[in-house]
Structure formats: structure tokens, C-alpha cells
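Overview (structure and organization)
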Amino acid sequence: MTSVGYLSSRILAHLSTCRNVKNVCKNVYICKGILSDSQSHFLSSIGPGKCSFMTTTKPLCSSKNSTEETFEVTFIRPNGEKVVGKGKAGDTLLDVVNNNGLDLDGYGQCDGTLACSTCHVKLTPTDFDAVEDEVSSLESDLLDDAFGRTPTSRLGCQVKLSKELGNFEVKLPNFTKDQRES
């Protein structure tokens, strides 16, 4: 369940619990996922100088003291350059990009809300079959308009790391298109 509220001092007090800080609103530096009790707060910009947050059940920033098994994901740019990030089971590819501060220009512009397709990735057939969740109709609709869709294309915000996937590679398309700008 997701609820929306306004940025509060309680949220700001949790800034020190995160590793990844991003300037989301003018003069306000915040983490993309802030640990708070058993929930996390996902912050996003809703307009010039305004912030909002959505509360989710899964923290987006990982604890530094965690002993969970980590998985390595290699993102392959169209020019062949490889960018490597690490995550834990249940993290999405978008979490890996954000939590590792990977420089993948324009990746995940809608912050995982299934609205843009900028996190489009191409998996190997084996890895595609190992992804736990199947492609939803909304994800498929977004991929229909994505550049270079293949039978093994997925949105990175929907691909969760798992033991079945282990360490793996994904190819990034030559171009991405933010569907919200159509």
C-alpha cells in the first residue's frame, strides 16, 4: 500500500541513515529511500520548490550493517562499456542504479512508478526466464513504445534481484524515451 504526504521534519531527521543523497527539491538534499521504523519514504519532486513522499513497505536504501547476500549486476552501454553495481535480493535494477550512484544518464526518470520506460533493459533469454515476476500489462504497454524492444526486454524497475538470477548482465538500449513526454 502506498500513501502520499508532504515532506516533514521527521523525514529530514532520517537523512543520516542513507548513503545516496540526491538534490530533489531546490535547496533540499534528500535520500531516494529513507529508512524509518519498518517503512521507507520515497521522496519525489511535485513542482518547483515543493516535495512529496510516498511511503512503501520496502526500504530503498540498504543498511550498511546488513549480512544479506549481495548480487552483482553489470549494465552494458550501447558502446560496450560496462558499469557494475551491487544489490540484495528483492532490490530492483533501479534500486541498484540509485543505491550505487551509477552514472546511467536518464535511467529511471519516473523513479519506478511505471510511467516512462527510461529503465528499459535487455536480458539474456535465460535471465529473462529467471525473473520472478512476469511482465504486467502496464509494463508491456510501456515497452511497446520503447526503442529497440526485444522479446527479452524488461523495465529495470520491475526486475528484482534473486538467487535464481544471481550475478548477471543487462544491455541498455541505444536510446530511451520518457513516455510521459509523448
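In case you missed it, the structure is sitting above this.
Residues numbered from 1 in each chain as written. Predicted model: local features only at pLDDT ≥ 70, side-chain atom pairs only at ≥ 80, totals over all residues. Heavy atoms only, no water.

Of the residues making up helix H4 (residues 137-144), those classed as buried are Glu 139, Leu 142 and Leu 143. Angular distribution of buried residues about the axis of H4 spans 100°; they occupy a single face of the element. Turned more than 90 degrees away from the buried face of H4, the exposed residues are Ser 137 and Asp 144. (Buried < 20%, exposed > 50% of the residue type's maximum accessible area, 1.4 Å probe, protein only. Helix = DSSP H or I, 4+ residues; strand = E, 2+ residues; numbered from the N terminus. Arc of directions from axis to C-beta.)

What follows deals with the pattern of salt bridges. Evaluated as defined, the whole model comprises six salt bridges. A salt bridge links Arg 77 to Glu 81; the nearest nitrogen and oxygen atoms lie 3.3 Å apart. A relative accessible area of 22% places Arg 77 in the partly exposed class. Lys 82 serves as the salt-bridge partner of Glu 169, at 3.3 Å between the closest nitrogen and oxygen. (Salt bridge = Lys/Arg side-chain N within 4 Å of Asp/Glu carboxyl O.)

Another point: the environment of Cys 119. Looking at where Cys 119 falls in the secondary structure, it is placed in the loop between helix H2 (93-99) and strand S9 (120-122). Owing to a relative accessible area of 2%, Cys 119 belongs among the buried residues under this scheme. For the pair Cys 119 and Pro 173, spaced 54 residues apart in sequence, the C-alpha to C-alpha distance is 9.4 Å. Not counting chain neighbours up to four residues away, the residues in contact with Cys 119 comprise Tyr 107, Gly 108, Arg 154, Leu 155, Gly 156 and Cys 157. (Contact = heavy atoms within 4.5 Å.)

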